[in-house]
Amino acid sequence: MANGSFKKKGSAQGGANPNPKVLVAGWIGSMVLVALITVFVTYQFSEEGDQSQPGDSSQVASSGDERAVEKSSPDTQIENEGAAPDSQVAANEPEPAPEPAEPPFMPGLKLVGPRGIVQLAGVNLPPSETVASWCRDLAQRVSGVEPSDCMSGAFADSGHKSVNGRPLIVRRIEPSRNAAGSGRVLLIAATHGDELSSVGTVFDWMNIIADKGTPYEWQVAPVLNPDGLFHEPPTRVNANGVDLNRNLPTAGWAKESRDYWRRVGFEKRRFPGESAGSEPENKWLAEQIKQFKPDVIISMHAPYGVLDYDGDFPAPRKMGSLNLHRLGVYPGSLGNFASRMQGIPVITVELDDADEPPTDREMAQMFTDLNEWLDRYFRSVRQASASRTGSEAG
Ligand SMILES: [Zn+2]
């Protein structure tokens, strides 16, 4: 608009006037006018240029790397809320989304499926529809699971399914610093489908890992028993009515599991199943142990409010407010299957409450205590291995 009116004025002034003095004055006038127009146009152009920068970069971000935008959207929302009073300034500031230098959330995602461990090309993949739908359902069911955390969590469909055909979802987290061989940790929750707080706690810990990194390689199966967890109301047992933590193929299972079941008065919630390791969820668990070869397993339960441990290395004395209290070994239990039969220490965390996860502070303290134990454990494993190598060499 302003530009157009200037041009009109210019053409009017440059109109016919035969007087030479007036011609010279007109010529000078036109030159001044041209200069003014040049200055004005340059100014306009540079203003447009400034404005176009954030727009362009966000376009690049959205077309080139959709996941970066998706991932940053919760942060962006928070920042936008903060900057709400002066939206003009916020709009001109370069937005935080186009950060190609941002470290990938989970480098080196691997899939564990029927064909073994498959290395995926990269982490900037949107979740598959299977994972997205699982995340939505989980966030609805479990307190402490945010859909955005879940969607950006690089979970993968293992290809295995529960009795009712629900996908068994897994996530691999690589060590964040150069710590190859420093230890593999398998973290499992919701073996009992009605222990919802176990899932919320695992998600909290994964957020802590995302923030602070980890020296270990983790494999996380947040919902071992989806049929129990998504049942209305949630059930301890799977869709076959089997207690998965009494069904693993442990030594002497056929007799011991029957004796056990008689002892508990044939309580349906503790039915060990018809045969050892019969359940698809447990077949998947056993395969994870075989493929991933964890050095230690953390199994999340509730609501006994204690810490249980099976293994030769000294037990963790406490995690947060939970104190060590050995619950004993059961036929078909994970502690029995992994620790007694395969020599893999198993920490069983029994949270206080089956529905609500502990407070943020408590979960953080638990995770700190867990990591201190893991550090001690893996240091001891490395020392034992080094001295073994040393004595072999000598
Ligand atoms: Zn349990």
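Residues numbered from 1 in each chain as written. Predicted model: local features only at pLDDT ≥ 70, side-chain atom pairs only at ≥ 80, totals over all residues. Heavy atoms only, no water.

1. Structural notes on the coordination of the zinc ion
A four-donor tetrahedral metal ideally has 109.5 degree angles, and a six-donor octahedral metal ideally has angles of 90 or 180 degrees.
And then number 1: Protein coordination at the zinc ion comes from H192 (ND1), E195 (OE), E195 (OE) and H301 (ND1), with a distance range of 2.0 to 2.3 Å.
And then number 2: In this structure, the zinc ion is coordinated by 4 donor atoms arranged in irregular fashion, with angles at the metal of 58 to 151°.
And then number 3: With a relative accessible area of 3%, H192 lands in the buried category.
And then number 4: Exposure remark for H301: the relative accessible area of 2% places this residue in the buried category. (Donors = N, O, S within 2.8 Å, 3.2 Å for Na, K, Ca; no water. Tetrahedral: all angles 85-135°; square planar, octahedral: opposite > 155°, others 65-115°. Buried < 20%, exposed > 50% of the residue type's maximum accessible area, 1.4 Å probe, protein only.)

2. Here's the deal with the pairing of strand β11 (residues 346-350)
And then number 1: Summarising burial for β11: 5 of the 5 residues are buried, a large majority.
And then number 2: Alternating positions in β11 separate into two faces, V346, T348 and E350 on one and I347 and V349 on the other, with burial throughout.
And then number 3: As judged from the 5 bridges shared by strand β7 (residues 296-301) and β11, these two strands associate in the parallel manner. Paired with I297 across the bridge in β11 is V346.
And then number 4: Pairing between strand β8 (residues 306-310) and β11: 5 bridges, direction antiparallel. Opposite D308, over in β11, you have T348 as the bridge partner. (Helix = DSSP H or I, 4+ residues; strand = E, 2+ residues; numbered from the N terminus. Pairing = 2+ DSSP bridges.)

3. A few points about the pattern of salt bridges
And then number 1: Inspection of the entire model under this criterion finds 10 salt bridges.
And then number 2: For R166, the salt bridge is made with D227, and the minimal N-O distance between the two is 3.5 Å. You can see R166 sitting in the loop between β3 (156-161) and β4 (167-173) and its partner D227 sitting in helix α8 (residues 226-230), a full 61 residues away along the chain. (Salt bridge = Lys/Arg side-chain N within 4 Å of Asp/Glu carboxyl O.)

4. Here's the deal with the nonpolar core
And then number 1: Among the nonpolar cores identified, the biggest contains 51 residues, and L138, V199, W205, W218, I298 and V349 are the most heavily contacted of them.
And then number 2: The leading source of residues in this core is helix α12 (residues 360-393), at 8 residues.
And then number 3: Setting aside residues up to four positions removed in sequence, I298 forms contacts with V185, L186, L187, I188, W205, I347, V349 and L370.
And then number 4: Among the nonpolar cores identified, the runner-up in size contains 18 residues, and L186, A221, W284 and I297 belong to it. (Core = buried A, V, L, I, M, F, W, Y, C linked by side-chain atoms within 4.5 Å. Contact = heavy atoms within 4.5 Å.)

5. So, the packing of aromatic side chains
By convention here, two paired aromatic rings are described through the distance between centres and the angle between planes.
And then number 1: Under the definition given, this model contains 13 aromatic pairs.
And then number 2: The interplanar angle of 50° and the centroid separation of 4.8 Å between the aromatic rings of W261 and F271 together place this pair among those described as tilted. Note that W261 is positioned in helix α9 (residues 253-263) and F271 in the loop between α9 and α10 (280-292), a separation of 10 residues in sequence. By the burial criterion, W261 is buried, and F271 matches it.
And then number 3: Lying across the ring of F155, R171 places its NZ or CZ 5.7 Å from the centre. (Phe/Tyr/Trp six-rings, centres within 6.5 Å; stacked < 30°, edge-to-face > 60°. Lys NZ or Arg CZ within 6 Å of the ring centre and 35° of its normal.)

6. Some points on the sheet that holds β7
And then number 1: Across the sheet, which stays open at both edges, the 7 strands sit in the order β3-β4-β6-β5-β7-β11-β8 with mixed pairing between neighbours. The open sheet has two edge strands with one neighbour each: β3 and β8. Adjacent strand axes in the sheet meet at a mean angle of 20° when their direction is disregarded.
And then number 2: Sheet analysis places strand β5 (residues 184-188) next to β7, joined by 4 bridges and oriented parallel. Across the sheet, the residue bridging to V185 is V296, located in β7.
And then number 3: Where helix α5 (residues 129-141) meets the sheet, its contacts fall on β3 and β4, and the angle it forms with β4 comes to roughly 95°. (Axes fitted to C-alpha atoms, helices over the stretch in contact; angles between N-to-C directions.)

7. Examining the environment of I297
And then number 1: With respect to the helices and strands, I297 occurs in strand β7.
And then number 2: Those residues within four positions of I297 in sequence are excluded, and the remaining contacts are L186, I188, I289, L334, A338, I344, P345, V346 and I347.

8. With respect to a negative patch on the surface
And then number 1: Together, D352, D353, D355 and E356 make up a region of like negative charge exposed at the surface.
And then number 2: Here E356 lies in the loop between β11 and α12. (Patch = residues over 30% accessible without salt bridge, like charges linked within 9 Å, V, L, I, M, F, W, Y side chains within 5 Å. Areas by Shrake-Rupley, 256 points an atom, 1.4 Å probe, with all protein chains shown as cover. Lys, Arg positive; Asp, Glu negative; His and termini not counted. Charge placed at Lys NZ, Arg CZ, Asp CG, Glu CD.)

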